[in-house]
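Okay, here's what each chain looks like letter by letter:
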Amino acid sequence: MENILLVDCDNFFVSCEQMFNPELEGKAVCVLGNNDGCVIARSNEAKEMGIPMGLPYFIAKKKFKDAIYVSGNRKKYSEISKKIMKRLLDFTPCVEKYSIDEAFLDIRGMEKFYKISSIQVADKIRKTIKEEFKINVSIGVSKTKTLSKIASEIAKFKVRKKIKDEYEGVFKIDDENREKILSQTKIEDVWGIGRNLHKFFRKHNVRLASDFCELDDDFLKRNLGKRGLELKQELKGNLQLKVIDYYVPPKSVSRTSTFKKSTNSKTYILNELNAHLHEVCKELRQNKLSAGGMSVLLRYKDFRVVVNKIDFKSPKSSEFELYKEMHNLFEELYKESAIYRSSGVIVYKLTPTEDIQQGLFEDVEAKKKRKLSDAWDKIEQKFGYGAINIGIKHD
Ligand SMILES: [Mg+2]
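From a predicted model like this one, the values you see are computed outputs, not experimental measurements. (Residues numbered from 1 in each chain as written. Predicted model: local features only at pLDDT ≥ 70, side-chain atom pairs only at ≥ 80, totals over all residues.)

Asker: Any chance you could explain the pairing of strand β11 (residues 305-316) here in plain terms?
Answerer: In regular strands, side chains alternate between the two faces of the sheet. Sheet topology places strand β10 (residues 289-300) next to β11; eight bridges connect them, and they run antiparallel. Counterpart to L298 in the pairing with β11 is V306. Count of turn residues in the β10/β11 antiparallel hairpin: four residues, of which F303 carries a positive phi of about 80 degrees. (Pairing = 2+ DSSP bridges. Helix = DSSP H or I, 4+ residues; strand = E, 2+ residues; numbered from the N terminus.)

Below is the structure:
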């Protein structure tokens, strides 16, 4: 199945500028880099004008007077990039950021979830990014990273040349069209083939990607090493290079909320804290993380804040394990004479749950509690949030 996607933002820096200044849309726009020294990104219209990449600004402004030149802002682009990458994670947990404006997605196993074909998933992603960020992306769909990269270039080319396709901006390379496409793809345009190999290929009469696939394995190994063999397999549609998850775990998870009415009711505040604890723990489990410490926070009516915290001997992720600790922290903070306006729970020192030694040495009680929490997640999945709660017997 063609389940590897390459999502590539079109003219990314220009698109970011257009996002902030819609007046630039549909115009010949160049973004300048290196202290306004040269052109580092061009809109399609600027490309059509024949403005080359890297052209020094002092030449560009004389030769292409009608184009609009904008100073680049890397920080702004990288912030937008982060947001787009994060959005892509909603489509599959396996997202590899490849560059500031490109990401590989592995959507294997997601078909059942989406109940649509991979090209339709790609189309959905394209429309989502367009709608939410006003940025056009080209998406290549295929069985391997190398092929989906070629496919994304074709998708981009078709949009630029206004060649109609069933799904605009999306192109799939499958077993049917693969050989034909490889026989039209120059070897230097294949991902991972450096320009410096050009001479080597010319010497051996390898001009096209299809020529490369004809090369003998021993010959490839001798001249290009393991990478050469991998590349040949990738071009043939056999996945060699895995999509590496880009996901960076959070440093802490927190939930806070202001009470409907300022209060000193212990039951009310504990109920609020319990709800926070549950949400925090649920997020931990969703991310397969456990916490090494927890803070409870109370804010007085006059906005002063008091915090109490504890570090655990072993990381935890079940509210049944954390509840007692949270309750103790709260008891130490709570003053009957005070009026409170908000509360919060923060967990930190997060570690992946699979790294925690479990099995033989895990305490039987801890295991039971973990199972209870998993059951809770399942019930909520089925019946919705708040289907059950931990009961409190105080006041
Ligand atoms: Mg791009």
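Asker: It is not clear to me how the nonpolar core should be interpreted in this structure. Could you clarify?
Answerer: If you look at soluble globular proteins, the nonpolar side chains tend to sit buried side by side. Residues L5, V7, C30, L88, L105, I139 and A151 are the most contacted members of the largest nonpolar core, which totals 55 residues. Both domains that furnish three or more residues to this core are identified here as domain 1 (1-10 + 80-248) and domain 2 (12-75). Among all residues touching L88, those that are not within four sequence positions of it are V7, V95, A103 and L105. Within the second largest apolar cluster, 21 residues are counted, among which are L270, L273, M294 and L350. (Core = buried A, V, L, I, M, F, W, Y, C linked by C-beta atoms within 7 Å. Buried ≥ 20, exposed ≤ 12 C-beta atoms within 10 Å, placed from the backbone. Domains from an automatic or database assignment. Contact = placed C-beta atoms within 7 Å.)

Asker: Please explain the environment of G33 as it appears in this structure.
Answerer: By secondary structure assignment, the location of G33 is in strand β2 (residues 29-33). The exposure class assigned to G33 is partly exposed, which follows from the 17 C-beta atoms found within 10 Å. Sequence-wise, G33 and G225 are 192 residues apart; in three dimensions their C-alpha atoms are separated by 36 Å. The residues touching G33, leaving out its near neighbours within four places in the chain, are C38, I40 and G72.

Asker: Explain the packing of helix α12 (residues 266-286) against helix α13 (residues 319-333) to me, please; I cannot follow it from the model alone.
Answerer: The N-to-C vectors of α12 and α13 enclose an angle of 140 degrees; their axes lie 10 Å apart at closest approach. Here α13 runs oblique to α12, going by the angle between their axes. Of the two elements, α12 crosses α13, and the hand of that crossing is right-handed. Contact residues: α12 offers L270, L273, L277, H278 and C281, while α13 offers E319, L322, Y323, M326 and F330. Across the contact of α12 with α13, the residue classes tally to eight nonpolar, one polar and one charged. (Axes fitted to C-alpha atoms, helices over the stretch in contact; angles between N-to-C directions. Parallel < 35°, antiparallel > 145°, perpendicular 65-115°, else oblique. Left-handed = near helix turned anticlockwise from the far one by under 90°. Nonpolar A, V, L, I, M, F, W, Y, C, P; charged D, E, K, R; others polar.)

Asker: Please clarify how the sheet that holds strand β9 (residues 252-263) should be interpreted in this entry.
Answerer: Whether parallel or antiparallel, the strands of a sheet pair through hydrogen bonds between backbone atoms. As summarised here, the arrangement of the four strands in space is β9-β12-β10-β11, forming an open sheet in which the pairing is antiparallel. Each end of this open sheet is capped by a strand with a single partner; those strands are β9 and β11. Each strand axis lies, on average, 15 degrees off the axis of its neighbour in the sheet, ignoring direction. Bridge count between β10 and strand β12 (residues 340-352): eleven bridges; the pairing is antiparallel. Directly across from S295, in β12, lies its bridge partner I346. Helix-sheet contacts for α12 involve β9, β10 and β12, and the interaxial angle to β12 is about 25 degrees. Contacting β10, β11 and β12, α13 runs over the sheet at an angle of about 155 degrees to β11.

Asker: It is not clear to me how helix α4 (residues 74-88) should be interpreted in this structure. Could you clarify?
Answerer: Residues lying three or four places apart along an α-helix face the same way, a consequence of the helix completing one turn every 3.6 residues. The terminal C-alpha atoms of α4 lie 21 Å apart, and with 15 residues this matches the ideal 21 Å at 1.5 Å per residue to within 8%. Taken as a whole, α4 has its buried residues at Y77, I80, S81, I84, M85 and L88. Buried residues along α4 cover an arc of 140 degrees about the axis, so they all sit on one side. Among the exposed residues of α4, those pointing more than 90 degrees away from its buried face are K75, E79, K82, K83 and K86. (Expected span 1.5 Å × (residues − 1). Arc of directions from axis to C-beta.)

Asker: Would you explain the packing of α4 against helix α6 (residues 118-133) in this entry?
Answerer: For any two helices packed against each other, one specifies the crossing angle of their axes together with the interaxial distance. Close contact between α4 and α6 brings their axes to 11 Å; oriented N to C, the two are set at 140 degrees. When the interaxial angle is binned, α4 and α6 end up oblique. In this structure, the crossing between α4 and α6 has a hand that is right-handed. For the pair α4 and α6, contact is made by I80, I84 and R87 and by T128, I129, E132 and F133, respectively. Looking at the contact of α4 with α6 residue by residue, the classes come out as four nonpolar, one polar and two charged.

Asker: Can you help me understand the sheet that holds strand β5 (residues 95-99) in this one?
Answerer: Ordered in space as β5-β6-β1-β7-β8, the five strands form an open sheet in which the pairing is mixed. What marks the edges here is a single partner per strand, and that holds for β5 and β8 (170-172). Looking at each pair of strands side by side, their axes are set apart by 20 degrees on average, direction ignored. Sheet topology note: the strand β7 (residues 137-142)/β8 ladder contains three bridges and is parallel. Within the sheet, the bridge partner assigned to G140 lies in β8 and is F171.

Asker: When you look at the domain arrangement of the chain in this model, what are you seeing that I'm missing?
Answerer: Note: interface size is frequently given as the accessible area lost on complex formation between the parts. Examined at the domain level, the chain breaks down into domain 1 (1-10 + 80-248), domain 2 (12-75) and domain 3 (252-383). Domain 1 puts ten residues into the contact, and the matching count from domain 2 is five residues. A breakdown of the residues in the side of domain 1 that touches domain 2 according to their chemical character gives five nonpolar, one polar and four charged.

Asker: I keep staring at unusual backbone geometry and nothing clicks. Help me out?
Answerer: As a rule of thumb, non-glycine residues mostly have phi less than zero, and peptide bonds are mostly trans rather than cis. Backbone geometry places K162, a non-glycine residue, at a positive phi of 55 degrees. Inspection of the secondary structure assignment puts K162 in the loop between α7 (145-160) and β8. Phi is positive for N205, which is not a glycine, with a value near 60 degrees. Considering the arrangement of structural elements, one finds N205 in the loop between α9 (198-203) and α10 (209-214).

Asker: What am I meant to see in α6 here?
Answerer: With 16 residues, α6 extends 22 Å between its outermost C-alpha atoms, agreeing within 8% with the 22 Å of an ideal straight helix rising 1.5 Å per residue. Downstream of α6 by a residue or two, K134 has a phi angle that is positive, lying close to 60 degrees.

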